[in-house]
Structures are given as structure tokens and as C-alpha cells.
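For reference, the chains in residue letters:
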Amino acid sequence: MSKNVPITVAYGDGIGPEIMSASLHILQEAGARIDIETIEVGEKLYLAGNTTGIEPDAWDKILRTKVFYKAPITTPQGGGFKSINVTTRKTLGLYSNVRPCVSYHPFVDTKHPIMDIVIIRENEEDLYAGIEHRQTDDVYQCLKLITRPGTEKIVRYAFEYALKNNRKKVTCFTKDNIMKLTDGLFHKVFDEIAALYPDIQNEHWIVDIGAAKMADTPEAFDVIVLPNLYGDVLSDVAAQIAGSVGLAPSANIGEHAAMFEAIHGSAPRRAGQNLANPSGLFLAGVMLMVHIGQPDVAEAAHNAWLTTIEEGIHTYDIYQEGVSKQKVGTREFAEAVIARLGKKPQTLKPVNYAAGENVPVASDTITLRAPAKKEIVGVDVFIHWPTSKGKPDDLAELLQKVNGEGLELTMISNRGQKVWPHGMPQTFCVDHWRCRFLAVEKGKPITHKQIIDLLQRVSDHDFDFIKTENLCYFDGQPGYSLGQGE
Ligand code: NAD
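This structure is a prediction, so every number in the text was calculated from the model and none was measured. (Residues numbered from 1 in each chain as written. Predicted model: local features only at pLDDT ≥ 70, side-chain atom pairs only at ≥ 80, totals over all residues. Heavy atoms only, no water.)

1. Observations regarding the pattern of salt bridges
As a working rule, side chains carrying opposite charge can pair if their charged atoms are close by. Using the following cut-off: A carboxyl oxygen of Asp or Glu within 4 Å of a side-chain nitrogen of Lys or Arg is what we treat as a salt bridge. Helix and strand definitions follow DSSP, with helices as H or I runs of at least four residues and strands as E runs of at least two, each counted in order from the N terminus. Each residue gets one of three labels from its accessible area relative to the maximum for its type: buried under 20%, exposed over 50%, partly exposed in between, using a 1.4 Å probe on protein chains only.
This model, assessed by the stated rule, comprises 26 salt bridges. Two residues, Arg64 and Glu37, come together in a salt bridge whose shortest N-O distance is 3.3 Å. Here the residue Arg64 occupies a position in helix α3 (residues 56-65), and Glu37 occupies one in strand β2 (residues 34-38), the gap between them amounting to 27 residues. Owing to a relative accessible area of 53%, Arg64 belongs among the exposed residues under this scheme. The closest approach of N and O atoms between Asp380 and Arg436, which form a salt bridge, is 2.8 Å.

Rendered as C-alpha cells:
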């Protein structure tokens, strides 16, 4: 018998304490070899003025146990409060969000009787880097960051997960027909890594049609890996169409720690009434057991839970007249599962956990590359210029006065659409202009000094510049997109 594994537990807010007690009770009765260390996070701390909702020393505790089992938290309404989930993922580097979405037909109502998908969502990058700016009267911006190391980690994780869990196929969703550089990188890395796993099928879908297909025919998918925003949206869709958001667990895995939680929130209106379904958090606990190397406990607990579901013992949220046999509260549901420990389901497929599921991929799998040869060939200068001052051609005429020292204005776009030269009068414009300056001698590298001098001239001509983006070639390949219509 292995010795106990310490885990950090937060009981959370709303229905959190009830569903956490129920989940831990089942796991312990199933033989979990764990020592529980509790930390306080959430509403109480927020309301006491701690905007992060978590005590600084809680990080030490989580980093010591490396395993965090977290009930849902209530984030108070109003500005200034930081989401604990986002903070935890980022602080601990939990780059992989794993969400199994399974239907339990015919016991839980579902449109999709055959559904067993695992969504693997990149958890740290994309539009969630939180780098947002208001730039002009009209325009707000959020930066979408996709990195090669971040993408390599998540895609490798998806294939390793597929391999260890006997999954047949990994599908990637992106929108690389539009975002050719960012989503293009995600797709490219997916193809590179897929080639290292010849025994696992791979495919790529554009996210819009892929999402439609997933909502219509989920049985066509197995493991799906995708960037942060698409993953956030589609994992909720997948959980909902499987039957109930209340049943879905989520694991957040990193190299230094892992966090396990339900995907639903703290349901404050159901709190303290012994009503809530503990299943989402409990199934997250099952993933936790596998993660800490106790697949025997995970298997016993999960099979007892499946047996309870197929025997029709249901909480109010999944209870259906004619299908369910008994409507129970949170505590009674947990007792029903405990009473079935040792049993296997007859209709639903029993689980058979091999040790090693949900194992994080070690950091040494990241490919280190030699830096590319980078040459700056131009600069985009973003300018705040009210539309009341004139048309794009007027702006171009004024801006051409700042040409010089080997740089010239070649294009102006508004919201990404080229408006000069040869713009269309119908194009709707706002007060935010991207003005592209390139070397007069095409392809000739330029210097930082040329850019700084250009900005000085832009400022001297009373233009309000917002920011610049250097236009670079990396190993001879352009590292920037063209304006629509350029
Ligand atoms: P919610 O998920 O708490 O509730 C949505 C609906 O689902 C409600 O009708 C609720 O009664 C029902 N529901 C949810 N979980 C259930 C369960 N286990 N059993 C039975 N019914 C269940 O979403 P919300 O109402 O939008 O958010 C409430 C609070 O939760 C907010 O403060 C929000 O910030 C927070 N939240 C926290 C997390 C988290 O900590 N991981 C996630 C989402 C929302």
C-alpha cells in the first residue's frame, strides 16, 4: 500500500462546500490514500478586500502538494476582482485544460446517445493573455498571442493523452483561413507533431464548420485540441449537448501542479439546500485520483457512480419522470454511490483505468529551435485621426510629408481593410488608421533609428500615434499579414 498523497482542497462558495464534502466522502470510502490540506479562497477573501480572492501563502501550499482540488467560487459582481481560475492557471502554468464530455444515454437525457469526446484546450495564451488597450475614441484592442512553445506543449499533450488513453484520433480546430499567422502557427505545429504519432489519426477542421459538426455529430470526434477561446466556448457546448453541464469535470494540468474542478459555477441560488449535483466535481476528483497514481480508487469510484446513474438515482437537475427511479439530494446521492462501491454498470460502459492517464508531458519534449534570421523591412504606424478631418486620401497626402530617410508610406488600412491607395469610398472608417511604411529600396533591411526618426517626424506633423508594429522577415519569410485588398 503506497503512503498517503497530500492534496490541497478549497471548499469554495455557494454549493461548493456541499458538493466538495460529498465528492471527498465518496473518494475516501473508495479507498483514496490522501491527506487533505484545506485552503480558504473565494468570496470571503474578495469581500474582505483581497482582489485576488486567494491568500499569498496558499500558493506555497498548492506548490508543495502540486495537486489542487477546487470547488466553484463566487466572483462578486463589479470591477476589480480577479478570477481565481484565470489567476491559478496562469500563476501555476496550467497550460492544458482537459474536459471529457460523455453522454449517459438512456439514463441522462441527451440529443447524442453516442458521445465520448475529450476537449483539450490551450489554457494560457490566445486572447486570454489579457493585454487590452483602448486606443482611440472608437477603438479597443485585445492582443491575440499564439506562441510556438505554448502550441507545441498543448498539441503534444493532446497526442500523449490520446496514446495513453487508447484514443484513436486527434482533431485540431483553428480559423487559419483568416488568422493565417496565429492560427496558422497552431495548425502548422499540429501537423508537425501529428507526424510523430503515426498510429493516431489526425485531422484539422476550420473551427466554425468543425463546431457545427461537433454539435450535430459528436460521434465523429474523439480528442479535440484547440486554442484557448475556441476551447472555452466549445467545451461548454460539448458538455451541454452531452446531457448536462452539471456532470462535466475539468482538469488543468501543468508541469509544476494540477487543478481539478467542475466546469459549472457556484449556483448560489441552490446553496445550502442539499440539492446540487456533486457529479462534475466528483468526476474531477476521479481524474485527480488517476493523476496521483491511484487508478484503483478512480476505477472503483467511477464504476460505482456509473452504476448509481444507471439505477436511476438522480439529483433534481438530471431527474426525468419515467426514466429516473429516485430523486435524491447531494448527501443521499453520495451515499448511493458509496453503497455501490465494488459494482460495475451493466448498460453503460465500465471504466478501466490504466495508470498514467492525465499525466503531464515533461518540459523536455519542447523542441528548442535556433533563432531565425530577423530583418526589419518596414513599420506599421497606428494613428488616431478623427474621420471628421477628412477622407483616407487626405490622410495619405498629409502623411506622405513624413516620408524620408529611406522609408515611404505604401498603404493605409482601416479596421484591416486597405483604404489607400485605391480605396473604395464605400468602406466604413473609424478614427484608427494603420499606416504602413516600407523601405524605398524594396526588401532592404531598415534600422531602429530609421523608425525612431520616422516617429519623430510623425509627431512633428501633429499626428497622434498610438503604437507601432515592426514589419519583419524571419529567415526570408514575411512575418506580417497584408491588408485586406492590399
Ligand atoms: P452556475 O454554473 O453556477 O449556474 C448555472 C445554472 O446551473 C443554475 O441554474 C444552477 O442552478 C445550475 N447548476 C450549476 N451547477 C449545478 C449543480 N452542480 N447541480 C445542480 N444545478 C447546477 O453559473 P452562474 O449562475 O452563471 O454563476 C454563479 C457564480 O459562479 C458566479 O459568481 C460565477 O462567477 C461563478 N462561477 C464560478 C466558476 C468556477 O469557480 N469554476 C465557474 C463558472 C461560474
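2. Structural notes on the site of the ligand
Inclusion rule: Working definition: residue near molecule or strand if any one of its non-hydrogen atoms lies within 4 Å of it. Counting of polar contacts relies on pairs of N or O atoms within 3.5 Å, with two restrictions inside protein: one atom must be capable of donating a hydrogen and the other of accepting it, and residues adjacent in sequence are counted only when both atoms are side-chain atoms. Computed with a 1.4 Å probe, the accessible areas rest on the Shrake-Rupley method; for each residue, only the protein chains presented here act as cover. In this classification, the charged set is Asp, Glu, Lys and Arg, the nonpolar set is Ala, Val, Leu, Ile, Met, Phe, Trp, Tyr, Cys and Pro, and all remaining amino acids, among them Gly, are polar.
If you check the shell around the ligand, you find 18 residues, and the closest are Ile73, Gly265, Ala267, Asn277 and Tyr316. The backbone of Ile73 places a nitrogen or oxygen atom 2.9 Å from an oxygen atom of the ligand. Side-chain polar atom of Asn85 to a nitrogen atom of the ligand: 2.9 Å apart, as the coordinates give it. Starting from 820 Å² of accessible surface for the ligand in isolation, the protein chains cover 65%. Here the shell around the ligand is composed, by residue class, of 7 nonpolar, 7 polar and 4 charged.

3. Points about the nonpolar core
Going by this rule: Nonpolar cores are built from buried Ala, Val, Leu, Ile, Met, Phe, Trp, Tyr and Cys residues. Side-chain atoms within 4.5 Å join them into one set. What counts as a domain boundary in this text is fixed by an automatic or database domain assignment. Here a residue-residue contact requires only that any non-hydrogen atoms of the pair lie within 4.5 Å.
Within the largest apolar cluster, 77 residues are counted, with the highest numbers of intra-cluster contacts made by Tyr69, Ile120, Phe260 and Trp305. If one sorts the elements of this core by residue count, helix α9 (residues 279-291) sits on top with 9 residues. Here this core spans two domains, and each of domain 1 (1-95 + 243-356) and domain 2 (111-241) adds at least three residues to it. Leaving out residues up to four positions away in the same chain, Ile120 has contacts with Ser96, Asn97, Val98, Ile154, Tyr157, Ala158, Tyr161, Val223, Ile224, Val225 and Leu226. Formed by 26 residues, the second largest nonpolar core is a distinct cluster that contains Ile376, Leu399, Trp420 and Cys472.

4. As for the sheet that holds strand β20 (residues 477-478)
Rule in force here: The rule for pairing is simple: two strands pair if DSSP sees at least two bridges between them. Only the contacting stretch of a helix is used when fitting its axis, a line to C-alpha atoms as for every element, and angles between N-to-C directions run 0 to 180 degrees.
Strand order in the open sheet formed by 6 strands is β17-β16-β18-β15-β19-β20, with antiparallel pairing between adjacent strands. For this open sheet the edge positions go to β17 (417-420) and β20, each flanked by a neighbour on one side alone. Here strand β19 (residues 464-474) runs beside β20; their pairing, made up of 2 bridges, is antiparallel. Residue Phe474 lies in a different strand from β20, and its bridge partner there is Gln477. Across the face of the sheet, helix α12 (residues 392-399) comes into contact with β15 (374-384), β16 (407-414), β17 and β18 (432-439) while running at roughly 160 degrees to β16. Against the sheet, helix α13 (residues 448-460) touches β15, β16, β18 and β19, its axis set at about 15 degrees to β15.

5. Section: the domain arrangement of the chain
Put simply, the test is: A 1.4 Å probe defines the accessible area here, and the buried area is the portion of it lost by two parts on being joined, summed over both.
Assigned domains within the chain: domain 1 (1-95 + 243-356), domain 2 (111-241) and domain 3 (374-478). On a C-alpha basis, the centres of domain 2 and domain 3 stand 34 Å from each other. In this assembly, 6 residues from domain 2 lie in contact with 6 residues from domain 3. Interface area for domain 2 against domain 3, summed over the two sides, is near 620 Å², with a carbon-plus-sulfur share of 53%. It is Gln135, Thr136 and Asp138 in domain 2 that bury the most area against domain 3; as a group they hold 62% of the surface buried on that side. Summed over the shared surface of domain 2 and domain 3, the result is 5 residue pairs in polar contact (both at pLDDT 80 or more). Here the residues of the side of domain 2 that touches domain 3 sort into 1 nonpolar, 3 polar and 2 charged.

6. Considerations on the packing of helix α10 (residues 295-310) against helix α11 (residues 330-339)
Just so we agree on the cut-off: Throughout this description, any angle smaller than 35 degrees is read as roughly parallel, any larger than 145 degrees as roughly antiparallel, any in the 65 to 115 degree range as roughly perpendicular, and the remainder as oblique. Each crossing gets its hand from how the near helix is turned against the far one by less than a right angle, where anticlockwise is left-handed and clockwise is right-handed.
Contact geometry of α10 with α11 gives a least axis separation of 8 Å together with a crossing angle of 115 degrees. Taken together, α10 and α11 sit at an angle that is classed as roughly perpendicular. Crossing of α10 against α11: the hand is right-handed. Of the residues in α11, those touching α10 at Ala301, Ala304, Trp305, Thr308 and Ile309 are Phe333, Ala336 and Val337.

7. Concerning the sheet that holds strand β5 (residues 116-122)
Taken in spatial order, the 10 strands line up as β2-β1-β3-β12-β11-β4-β5-β10-β8-β9 in an open sheet, and their pairing is mixed. Strands with a single pairing partner mark the edges of an open sheet, and in this sheet they are β2 and β9 (201-206). Along the sheet, successive strands turn relative to each other by an average axial angle of 25 degrees, direction set aside. Summarising the sheet, strand β3 (residues 67-70) and strand β12 (residues 258-262) pair through 3 bridges and their orientation is parallel.

8. Description of the pairing of β5
Each regular strand displays side chains that alternate between the two surfaces of the sheet. Taking burial as the measure, the 7 residues of β5 include 6 buried ones, the bulk of the element. Pairing of strand β4 (residues 96-102) with β5, which is carried by 7 bridges, proceeds in the antiparallel orientation. Each residue of the ladder has a partner; that of Cys101, found in β5, is Ile117.

9. Remarks on empty space enclosed by the protein
Under the convention used in this document: Using only the protein atoms, space was sampled on a 1 Å grid; points where a 1.4 Å probe fits but cannot get out form cavities, open sets with protein on both sides within 12 Å along at least five of seven lines form pockets, and lining residues are those with an atom within 4 Å of a point. Grid points are joined across faces, edges and corners, and a volume is the space filled by probe spheres set on the points.
Under the criterion given, the structure shown has 3 cavities of 30 Å³ or more. A volume near 90 Å³ is recorded for the largest cavity. In terms of lining residues, the largest cavity is bounded by 13 residues, among which Val102, Tyr104, Ala242, Ser244 and Leu247 are the most central. Secondary structure elements with two or more residues in the lining of the largest cavity: β4 and α8 (228-242). Element by element, the count of residues in the lining of the largest cavity is highest for β4, at 3 residues. Classifying every residue of the lining of the largest cavity by side-chain character gives 10 nonpolar, 3 polar and no charged. As a volume, the second largest cavity reaches approximately 40 Å³. Every residue lining the second largest cavity is listed: Val86, Arg89, Lys90, Arg121, Asn123 and Tyr128. When grouped by side-chain class, the residues that make up the lining of the second largest cavity number 2 nonpolar, 1 polar and 3 charged.

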